[in-house]
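Descriptive structure summary
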Amino acid sequence: MQPRHTRRVYAAALAVVVSVVSLSSSLLAHHGWGGNGDAEFELTGTVEVPLKLAGPHATMKIKADGKVWDLTLSAPGRVSASGLTESLIPVGATVKAHGHRNKDANRFEIKTERLTFNNKVYNVYPDRD
């Protein structure tokens, strides 16, 4: 049987390892702005995959110009604060995304700052006006 002190040290070390692994995977999953162009970009399309408020950024997919585009929005809390909810915009609805397109022309992705649905603008990055 191990002394109580040794078990506490092992438990503390395990907690540190779990915390570091968790933080590392969150940082790796984060989508920065470096892969997106500087120019403002707008695209109107129909919702293929509705808004998901999970992970480090909310996401959805729209179809426009015969392509399915990935929309990467801000953190789920900020998206919710803008008024968007997962059930608000149904599949097949028309939306307009405003933001910055991925620099790689073969990636159909927009880092979305604002989303317009039914003539209402949802500003998910209000600090980027």
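Note: the structure precedes this text.
Residues numbered from 1 in each chain as written. Predicted model: local features only at pLDDT ≥ 70, side-chain atom pairs only at ≥ 80, totals over all residues. Heavy atoms only, no water.

**Thoughts on the nonpolar core**
- In terms of nonpolar packing, the biggest core is built from 22 residues, with Leu 71, Leu 73, Leu 84, Ile 89 and Leu 115 touching the most fellow members.
- Sorting the residues of this core by element identifies β1 (41-52), β2 (59-64), β3 (67-72), β4 (94-101) and β5 (109-117) as the ones contributing at least two each. (Core = buried A, V, L, I, M, F, W, Y, C linked by side-chain atoms within 4.5 Å. Buried < 20%, exposed > 50% of the residue type's maximum accessible area, 1.4 Å probe, protein only. Helix = DSSP H or I, 4+ residues; strand = E, 2+ residues; numbered from the N terminus.)

**Some thoughts on unusual backbone geometry**
- In this structure, Asp 65 is a non-glycine residue whose phi angle is positive, near 55°.
- Turning to its location among the elements, Asp 65 is positioned in the loop between β2 and β3.
- Of note in this structure, Asn 118 is not a glycine but carries a positive phi near 50°.

**Points about the pattern of salt bridges**
- One pass over the full model with this rule turns up four salt bridges.
- For the salt bridge of Glu 42 with Lys 96, the shortest nitrogen-to-oxygen distance reads 3.9 Å. Of this pair, Glu 42 sits in strand β1 while Lys 96 sits in strand β4, and the two are 54 residues apart along the sequence.
- Across the pair Arg 107 and Glu 109 runs a salt bridge whose closest N-O atoms are separated by 3.0 Å.
- With relative accessibility at 11%, the residue Glu 109 sits in the buried group. (Salt bridge = Lys/Arg side-chain N within 4 Å of Asp/Glu carboxyl O.)

**A word on the pairing of β5**
- Most of β5 is tucked away, with eight of its nine residues classed as buried.
- Inspection of the sheet shows β3 paired to β5 by three bridges, in the parallel sense. Looking at β5, one finds that Leu 71 is bridged to Ile 110.
- Examined bridge by bridge, β5 and strand β6 (residues 120-123) share four bridges and lie antiparallel to one another. Note on β6: the bridge partner recorded for Thr 116 is Val 121.
- A loop of two residues connects β5 with β6, the two strands running antiparallel in sequence, and Asn 118 in this loop sits at a positive phi of about 50°. (Pairing = 2+ DSSP bridges.)

**Some words on the environment of Pro 126**
- Mapped onto the secondary structure, Pro 126 falls in the segment after β6.
- Taking the C-alpha atoms as reference points, Pro 126 and Ser 82, separated by 44 residues in sequence, lie 8.7 Å from one another.

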